[in-house]
Amino acid sequence: MQAIEAVRVDPVLAVALAALAGGVGVVRPAVLATALVGAAALVGRAQGWAVALVLCVACAAGAGRAALTVGRYEAARIEARDALGPAARCGGIAEVLESPVWAHGALTLVVELSELECEERRLPGRFRVRLHGGPADVGRGDRLEVVAQLAPVQLFRNLDLPDPTPRAARRGIVGSGAVLGASVVGRGGGLLAWIDRGRAHARRRILETFVPAAQPMARALVLGESDLEPAEDEAFRRSGLSHMLAVSGTHLVFAVVSVVRGIAALLARIERFAWARDPSRWAAAAGVPLALAYADFAGGSGSAWRAAWMLAAAFLVRALGRRPRVARSVAVSVLIGVVVDPLAAFDVSFLLSAAATGGLVVLGAPLARLAERVPVAPLRWAAASTAATLASMTACAPLLLLLSPELSLAGIVANVLAAPFGETAALPLCLLHAVASPVPVVERGLALVASGALLVVREIALASAAARWAQVALPPPTAWQLAVASVCALAAVGARGRWRWACLGALALAWAGLELGARHAGRPMGELRVTVLDVGQGDSALVDLPDGSLFLIDGGGFVGSPVDPGQSVILPVLRARRRDRVDVAVLTHPHPDHLNGLASALGRLEVGELWDSGQGEAEGAGPTYRALLADLRRRGVPVRRPGELCGRPRSYGGANLRVLGPCPAFVPGRDGNDNSVVLHVAYGARAVLLTGDAEVEQERELLAAHGDSLRADLLKIGHHGSRTSSSPALLDRVRPAVATLSCGIRNRFGHPHPTTLAALAARGIGAIRVDRFGGARFVTDGVGVEVVTFSSGR
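What counts and what doesn't
Residues numbered from 1 in each chain as written. Predicted model: local features only at pLDDT ≥ 70, side-chain atom pairs only at ≥ 80, totals over all residues. Heavy atoms only, no water. Helix = DSSP H or I, 4+ residues; strand = E, 2+ residues; numbered from the N terminus. Rg over C-alpha atoms; globule rule 2.2 N^0.38 Å. Buried < 20%, exposed > 50% of the residue type's maximum accessible area, 1.4 Å probe, protein only. Contact = heavy atoms within 4.5 Å. Axes fitted to C-alpha atoms, helices over the stretch in contact; angles between N-to-C directions. Parallel < 35°, antiparallel > 145°, perpendicular 65-115°, else oblique. Left-handed = near helix turned anticlockwise from the far one by under 90°. 1 Å grid on protein atoms, 1.4 Å probe; cavity = no way out; pocket = protein on both sides within 12 Å on 5 of 7 lines; lining within 4 Å. Points joined across faces, edges and corners; volume = space filled by probe spheres on them. Nonpolar A, V, L, I, M, F, W, Y, C, P; charged D, E, K, R; others polar. Pairing = 2+ DSSP bridges. Phe/Tyr/Trp six-rings, centres within 6.5 Å; stacked < 30°, edge-to-face > 60°. Core = buried A, V, L, I, M, F, W, Y, C linked by side-chain atoms within 4.5 Å. Salt bridge = Lys/Arg side-chain N within 4 Å of Asp/Glu carboxyl O. Disulfide = S-S within 2.5 Å.

A. A look at the overall build of the protein. Scanning the protein from terminus to terminus reveals 29 helices and 24 strands. The C-alpha atoms of the protein give a radius of gyration of 29 Å, which matches the 28 Å a tight globule of 794 residues would have. Seen along its three principal axes, the alpha-carbon backbone of the protein occupies a region of about 100 × 75 × 50 Å. Relative to its 794 residues, the protein shows a buried fraction of 50%. For the protein, the share of sequence-separated contacts (at least 6 apart) that also reach a separation of at least 24 residues comes to 72%.

Below, the structure written as structure tokens:
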């Protein structure tokens, strides 16, 4: 008796999955190669080594196409970065490339800019950018004459987080900005333009007839526009109900299958036609373009297109007189998705849609059979709904953990309760509303009932998200864990009896071992590690000390920016490191580009103590600062000021940490930059100097008070590399080998200043610009030194 049966997979599905996985090779080649060897060995043993070879070729082709796409995008991004500069007022001709999306009360357009002139500089070439604002009646193919404030696209590139470049490369957007003025100079034609006009009409009718609180949810269902309030968006995510507002296969079944059945019924009533032909086959043929057109009308997300290709494949097979197979239809949808988009592996909506479908196909049937055993009809319906939810959520769980720090057990109940209101009521009502405007009374009635159903779904999401007791906090799976899980799952499919349990046991052991490795890497011992985070135009760093203690110094942030670096960078980095506690948080000074992200992150973390200059509390630093102090004090976190810190070195596992400024206290009335908390950390023969935003005045005080003891191998350049910091005297006394400059690609302040870069170059100091190299890491065991940047480390 063989331990492992034949691991047989639909050949089209196998090729599609191999090509899809190949895209991962652009960021994790070693992980991909290891998983491919394991999968090929299993498939080759069962279906022949020729099949395994085909899978390897498909995977290599997918990896090659993904690498070419990313390479072209990086070249275009760098060209735009150098051409546009930090930010510029530009005028030119814009051609609308993607269907406009309504968000935050205005349109968002993806356009190709040409004939561009930016502040008396004529820029050659064409640039794909995202513009916020513009005329309400535009669509794909329209040409506009625009004036806009443009800047290069900002990518937060950090060593502990996935590379954001492939996801950005999918869209190809190299810049963004706000429209200052625009006028239409030419109208596009064709099907896509008409679809956009239909979308604009549906949007107007939703905004005019739906209850205001339900409008964002209705636009999500019909048009695929994500425009929920942040609190509601988080509630839907935490409750596991986001899928109800995402265009998926369920939408296509309601919207397209219903129409196809209607066409078939109509054709069947035409006696001469029905006598000579099969109405269902002709209706299925009509369903192919209908499915694709609806996916485009519904926003063209990855999940919408995957579902559309799957349905179109099934319709095509039926039109040819054959019976469609679910597995083959899924395979075709994935394969076409990869052919159209070489980086489909980085489209979360595409992956979630495919995973949910796979879960329903593989796990749904056995769970449904168990549900059928329930004797009472209402309970049997609830059991069947729970089975479907479990099947899809189980398959999606690893992907969901990449997006959220928690999974909700209450989400299972929430899905069962919300399904009748969301999928059974709100969805068909919203779709009917889109075509009901010729009959105003019917339109208003549909809008009213659909609004009620959507508001019920919202209340279920809010209640489920509020059930904190049901939230299970789990770390995000590492790339190696996902690879091992994929191979072990494939082996389990072909195993039987106790060998299937052995495969699952091996998976559990491997997962646990890799988890221990991830936790060890996230909490290094016996070394000093400084990680400079890429938070854009701001400052943030993590300092790991030899005894395992962790310091978080500043958190980035910028007034008016929609991006919160605390939520988008700091918390994800700590989560990837398996850290939920910061032993010491340091606010060097209470300026927004250091404070805002820190305040946002500390609200979600256990904090040992906060070090702060005290200037903000004494002289008034605004509501964010006051709220931070109030929250920490309410939680019993000590807030320490220079009077407690200066002149009192602390030891952390052999590392000596000194607070050098502002000592003995902040200087009243002086700018916060020159009252920055300055830290010097020495470990063995190596040291780092972290200066906050200290400028020349505070630098003079540091030189006078500490002289040669400022010596350090790593210098965190003050004030983002401005010309008012990093004086020659300081550089000559510190004599660093490496200096980091925290600045954003979009900053309008000229950071880093050419004089600062020249001073570093003249002294042979390696300048690591976060805006060019991404995040950086300095590691020492007290003797040797290793410096890695995001660009060099990938």
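Okay, back to it.
B. Representation of the packing of helix 1 (residues 11–22) against helix 12 (residues 326–340) within the structure. Here helix 1 crosses helix 12 at 30°, and the two axes come no closer than 8 Å. Overall, the two elements helix 1 and helix 12 adopt an arrangement that is roughly parallel. For the crossing formed where helix 1 meets helix 12, the hand is left-handed. Here Pro11, Val12, Leu13, Val15, Ala16, Leu17, Ala19 and Leu20 of helix 1 come into contact with helix 12, specifically with Arg328, Ala331, Val332, Val334, Leu335 and Val338.

C. Structural view of empty space enclosed by the protein. Summed over all chains, the structure comprises five cavities of 30 Å³ or more. For the largest cavity, the calculated volume is near 110 Å³. For the lining of the largest cavity, the class distribution of residues is six nonpolar, five polar and three charged.

D. Spatial organisation of the packing of helix 12 against helix 13 (residues 348–362). Direction vectors running N to C along helix 12 and helix 13 enclose 170°, while the axes themselves pass 11 Å from each other. Taken together, the axes of helix 12 and helix 13 lie roughly antiparallel to each other. Seen along the crossing, helix 12 lies across helix 13 with a hand that is left-handed. Where helix 12 approaches helix 13, its residues Val326, Val330, Ser333, Val334 and Gly337 are matched on the opposing element by Phe350, Thr357 and Val361.

E. Focus on the pairing of strand 10 (residues 528–532). Burial within strand 10 is extensive, with five of its five residues counted as buried. Along strand 10, one buried face is formed by Leu528, Val530 and Val532 and the opposite face, lined by Arg529 and Thr531, is buried too. Pairing geometry for strand 10 and strand 23 (residues 776–780), over five bridges, is antiparallel. By the bridge assignment for strand 23, valine 532 is matched with alanine 776.

F. Inspection of the layout of surface pockets at higher detail. In this structure, the second largest pocket encloses a volume near 480 Å³. In this structure, the second largest pocket is lined by 19 residues; those nearest its centre are Ala255, Val259, Tyr294, Leu431 and Val435. Mapped by element, the contributors of at least two residues to the lining of the second largest pocket are helix 5 (191–209), helix 8 (249–269), helix 10 (279–297) and helix 16 (410–433). Of the residues forming the lining of the second largest pocket, the biggest block, five residues, is contributed by helix 8.

G. Just the sheet that holds strand 13 (residues 581–587), in detail. On the basis of which strands lie adjacent, the open sheet formed by eight strands has the order 15-14-13-12-11-10-23-24 and mixed pairing. Looking along the sheet, the strands with just one partner apiece sit at the ends: strand 15 (639–640) and strand 24 (785–789). Pairing of strand 11 (residues 541–544) with strand 12 (residues 550–553), which is carried by four bridges, proceeds in the antiparallel orientation. When the bridges of strand 12 are listed, aspartate 544 appears paired with leucine 550. In the packing of helix 23 (residues 623–634) onto the sheet, contacts are made with strand 13, strand 14 (606–612) and strand 15, and the angle to strand 14 comes to roughly 130°.

H. Summary view of the packing of aromatic side chains. Throughout the structure, instances matching the rule amount to six aromatic pairs. Centre to centre, the rings of phenylalanine 551 and tyrosine 652 are 5.5 Å apart; their planes meet at 90°, and the pair counts as edge-to-face. With phenylalanine 551 in strand 12 and tyrosine 652 in strand 16 (residues 650–652), this pair connects stretches of sequence that are 101 residues apart. Judged by its relative accessible area of 1%, phenylalanine 551 is buried. The rings of Phe551, Trp611 and Tyr652 are connected pair by pair, giving a single aromatic cluster.

I. Region of the structure containing the side chain of aspartate 296. As for its position among the elements, aspartate 296 is in helix 10. What makes aspartate 296 buried here is its relative accessible area of 10%. Beyond its immediate stretch of four places on either side in the chain, aspartate 296 contacts Arg140, Leu192, Ile195, Arg199 and Trp305.

J. Up close: the sheet that holds strand 20 (residues 714–716). A sheet is described by the order of its strands in space; here seven strands give the open sequence 16-17-18-19-20-21-22, paired in mixed fashion. Bordering the open sheet on either side are strand 16 and strand 22 (766–769), each of which pairs with just one other strand. Strand-to-strand twist across the sheet, computed as the mean angle between neighbouring axes with direction ignored, equals 20°. Pairing between strand 21 (residues 738–741) and strand 22: four bridges, direction parallel. Following the sheet pairing, alanine 739 is matched in strand 22 by alanine 767. Here helix 25 (residues 696–706) sits on the sheet in contact with strand 17 (655–661) and strand 18 (678–683), set at roughly 125° to strand 17. The strands touched by helix 27 (residues 754–762) are strand 21 and strand 22; relative to strand 21, the strand with the most contacts, the crossing angle is about 165°.

K. Local environment of the nonpolar core. Ranked by size, the top nonpolar core spans 53 residues in total, and within it Phe210, Val256, Tyr294 and Leu454 carry the most contacts. Elements represented by at least two residues in this core include exactly helix 5, helix 6 (215–223), helix 8, helix 10, helix 11 (302–319), helix 16 and helix 17 (440–466). Once residues lying within four places of it in the same chain are set aside, the contact partners of leucine 454 are Phe210, Ala214, Met217, Ala218, Leu221, Ala426 and Cys430. Counting 45 residues, the second largest nonpolar core, distinct from the first, contains Ala80, Ala94, Val334 and Phe346.

L. Geometry of the pattern of salt bridges. Applying the stated criterion to the full structure yields 51 salt bridges. Lysine 716 is paired through a salt bridge with aspartate 539; the nearest N and O atoms lie 2.5 Å apart. Here lysine 716, found in strand 20, pairs with aspartate 539, found in the loop between strand 10 and strand 11; they are 177 residues apart in sequence, far enough to count as distant. When sorted by exposure, lysine 716 lands in the same class as aspartate 539, which is buried. Close ionic contact of aspartate 544 with arginine 579 constitutes a salt bridge, the shortest N to O distance being 3.5 Å. Pair noted here: aspartate 544 is in strand 11 and arginine 579 is in the loop between helix 20 (565–576) and strand 13, with a separation of 35 residues, a long-range link. Among the residues examined, arginine 579 registers a relative accessible area of 5% and is labelled buried. What emerges from the salt-bridge pattern is a single network uniting Asp160, Arg529, Asp544, Arg577, Arg579 and Arg777.

M. Quick look at the state of the cysteines. Counted by the stated rule, this structure contains two disulfides. Residue cysteine 90 pairs covalently with cysteine 118 via a disulfide, S to S 2.0 Å. Given an S-S torsion of about 110°, the disulfide between cysteine 90 and cysteine 118 has right-handed geometry. Highlighted residues: cysteine 90 in strand 1 (residues 88–96) and cysteine 118 in strand 3 (residues 106–118), separated in sequence by 28 residues. Assessed through its relative accessible area of 3%, cysteine 90 is described here as buried. Shown here is the disulfide that connects cysteine 646 with cysteine 663, its sulfur atoms set 2.0 Å apart. Handedness of the cysteine 646-cysteine 663 disulfide follows from its S-S torsion of about -85°: it is left-handed. You can see cysteine 646 sitting in the loop between helix 24 (642–645) and strand 16 and its partner cysteine 663 sitting in the loop between strand 17 and strand 18, a full 17 residues away along the chain. Since its relative accessible area comes to 15%, cysteine 646 is described here as buried. Taken in sequence order, the bonded cysteines of the protein link in the pattern 1-2, 3-4.

Geometry only, nothing functional implied.
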